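Spelled out from the first residue to the last, the chains are:
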Amino acid sequence: MKLLNRISNSIVIIEKYLVVSILSFMIILAFFQVILRNVFGTGILWIDPLLRQFVLWLCFLGASIATQKKKHININILGHFFSKRYKLASNLLINLFGAIITFTLAYASYKFVIDEISARTIIFTIGNVEILSWWSQVIIVVGFSLMTFRFMIEIIISLKELLVSQRV
């Protein structure tokens, strides 16, 4: 259990560095584009689509971090009225539902990215380099997979706590 939490904590450090790096790069590029447009009356064509792809990355990295910190969307109206044991069971069901949904979405996004790889869809070009759509869309698979991993950790924790509370 400690190993899984250590892995999750290590991943979240990497995710945070990526978020800060991507966001910083986005701010610099957007500022540069604004200056080019307003001062020089021109711009660079590939900056806007690149910024859109970075937004996708920030969304999925942020969602993964939120899941690790247990700050994801969680509707638990009746949880305040339950005893500790029922809260543990409720948490187990919520995390199980979250894991099933994110796993299903990870699998569907994996199939989507495989289709995009075979289609070789080009989002934009930088000079002679063609930027393929799947390069940025792979974050969808990674993001949902990380969320599934984190929900699975919570399922294990909930099961362990439920079993311990049953013995008492």
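> Is there a simple way to think about the pattern of salt bridges in this case?
For side chains of opposite charge, pairing can occur when their charged atoms come near one another. Inspection of the entire model under this criterion finds 3 salt bridges. Close ionic contact of Glu-15 with Arg-150 constitutes a salt bridge, the shortest N to O distance being 3.1 Å. Of this pair, Glu-15 sits in helix H1 (residues 2-40) while Arg-150 sits in helix H4 (residues 133-167), and the two are 135 residues apart along the sequence. We note that Glu-15, like Arg-150, is buried. Between Lys-70 and Glu-154 there is a salt bridge; the shortest N-O distance is 3.4 Å. With Lys-70 in the loop between helix H2 (47-68) and helix H3 (84-119) and Glu-154 in helix H4, the pair connects residues that are 84 residues apart, well separated along the chain. Overall, the relative accessible area of 13% leaves Glu-154 in the buried class.

> What should I look at first to understand the packing of aromatic side chains in this one?
The way to describe two aromatic rings as a pair is by their centre distance and the angle between their planes. For the structure on display, the rule yields 3 aromatic pairs. Centre to centre, the rings of Phe-60 and Phe-144 are 5.1 Å apart; their planes meet at 80°, and the pair counts as edge-to-face. With a gap of 84 residues between them, Phe-60 in helix H2 and Phe-144 in helix H4 connect regions that are remote in the sequence. In this pair, the class of Phe-60 matches that of Phe-144, namely buried. Ring centres of Trp-134 and Trp-135 lie 6.4 Å apart, and the angle between their planes is 80°; this geometry places the pair in the edge-to-face category.

> Quick question: what am I supposed to make of the packing of H1 against H2 here?
For any two helices packed against each other, the geometry is given by the interaxial angle and the distance between the axes. Axis separation between H1 and H2 bottoms out at 9 Å; the angle between their running directions is 155°. Comparing their axes, H2 and H1 come out roughly antiparallel. Pair H1 / H2 crosses with left-handed handedness. Counted by class, the contact of H1 with H2 contains 19 nonpolar, 5 polar and 4 charged residues.

Thresholds, definitions, all that
Residues numbered from 1 in each chain as written. Predicted model: local features only at pLDDT ≥ 70, side-chain atom pairs only at ≥ 80, totals over all residues. Heavy atoms only, no water. Salt bridge = Lys/Arg side-chain N within 4 Å of Asp/Glu carboxyl O. Helix = DSSP H or I, 4+ residues; strand = E, 2+ residues; numbered from the N terminus. Buried < 20%, exposed > 50% of the residue type's maximum accessible area, 1.4 Å probe, protein only. Phe/Tyr/Trp six-rings, centres within 6.5 Å; stacked < 30°, edge-to-face > 60°. Axes fitted to C-alpha atoms, helices over the stretch in contact; angles between N-to-C directions. Parallel < 35°, antiparallel > 145°, perpendicular 65-115°, else oblique. Left-handed = near helix turned anticlockwise from the far one by under 90°. Nonpolar A, V, L, I, M, F, W, Y, C, P; charged D, E, K, R; others polar.

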